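Chains, contacts and geometry: an overview
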Amino acid sequence: MLNVFTLASGRLFQEEIATADALAHVQPVWVDLEAPTAEEKDWIAQRFGLRIPENIVDDDLEESARFYEEDNGELHLRSDFLIDEDTGADGRGARNVRVAFILHDKVLFSVHAEDLPVFRLLRMRARRIPALIDDAKDVLLKLYDADAEYSADALEGIYDGLEKVSARVLQSKVDDQAAAEVLAAIARQEDLNGRIRRNVMDTRRALSFMMRSRLLNAEQFEEARQILRDIDSLDSHTAFLFDKINFLMDATVGFININQNRIIKLFSVASVALLPPTLIASIYGMNFRFMPELQWSGGYPFALGLMAASVIAPFWYFRRKGWL
């Protein structure tokens, strides 16, 4: 999909582009390519002289391959953007999506495989707020700013989710089923928190590269520094959430261990209580010739009563000691 945006009075306006001729008659500030086709890439090459390679959004973590400037002045950045969803359209849930940016001839080109909430947020704001954007570099900075804000909202969602988990964990009794559900919820929140931390780290690297490239004016440079300060606050909050997640994980595992120990204790008490009647039955099961009880008419009920008493006595003693 090809989304082309022009700039008028600081507002972004989306142009309807269906053919290469329609693209030739607009002067965009931002061209957003979502899962672009080979035909759409050819339109970009014909109109702007920019060739978009097939592997432009590959997951390459080397900074030299992700942030660089060409000899002709083109600025290339590859950044991760967060999608915070419980279950995505393809069932993958929360994830980081790689986006490739190219600043070419005062036009920002962005290439990504799926629609991103941050991009939708910027398009909505840029249509409503006047004088928000002056050039293509402003579009890129506003995207990173919106990404930091989106990450902050996701962190608030994690905190709310962990509060609900805390209410379940810090009860007087947590059974195994509840503990399993709690562990699953904690794992989801930990995964999302880790993705947010990775996302803001990647945004910090991209902003630092832009500041070092000396392409930003004074106002844009200060805006980039403000975004970095916001990211620093998000970093500390993710660390706090990791500590809270570890505490809840340890507490839940502790309850599971308590439940298991309770079951093992019951088996231990039962085995100890059954030792005396087993001993009595073994004695009277001996085939010695001279055993007084063998010739006694009440020997059988006497042995049964003795075994029953030997079972009851240990249970009474254990309960009196508070072990049951």
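Nothing here was measured: the structure is a model prediction, and the numbers come from that model.

What counts and what doesn't
Residues numbered from 1 in each chain as written. Predicted model: local features only at pLDDT ≥ 70, side-chain atom pairs only at ≥ 80, totals over all residues. Heavy atoms only, no water. Phe/Tyr/Trp six-rings, centres within 6.5 Å; stacked < 30°, edge-to-face > 60°. Helix = DSSP H or I, 4+ residues; strand = E, 2+ residues; numbered from the N terminus. Buried < 20%, exposed > 50% of the residue type's maximum accessible area, 1.4 Å probe, protein only. Salt bridge = Lys/Arg side-chain N within 4 Å of Asp/Glu carboxyl O.

Moving on, we come to the packing of aromatic side chains. Each aromatic ring pair is summarised here by two numbers: the centre-to-centre distance and the angle between the ring planes. Enumeration according to the criterion identifies 10 aromatic pairs in this entry. Ring geometry for Phe81 against Phe101: centres 5.9 Å apart, planes inclined by 70 degrees, an arrangement best described as edge-to-face. Linking Phe81 in strand β5 (residues 75–83) with Phe101 in strand β6 (residues 95–104), this pair joins segments that are 20 residues apart in sequence. Given a relative accessible area of 0%, Phe81 falls into the buried group. Assessed through its relative accessible area of 1%, Phe101 is described here as buried. Considering the side-chain rings of Phe81 and Phe119, the 5.6 Å spacing of their centres and the 80 degrees angle between planes classify their relative orientation as edge-to-face. Placement of Phe81 in strand β5 and of Phe119 in helix α4 (residues 117–128) is noted, with a sequence separation of 38 residues between them.

Let's shift gears to the pattern of salt bridges. Inspection of the entire model under this criterion finds 16 salt bridges. Between Asp80 and Arg98 there is a salt bridge, with its nearest N and O atoms 2.6 Å apart. Here Asp80 is found in strand β5, whereas its partner Arg98 is found in strand β6, with 18 residues between them in sequence. Just as Asp80 is buried, Arg98 falls in that class too. Here the residues in one salt-bridge network are Asp32, Asp115, Arg120 and Arg123, joined through shared partners.

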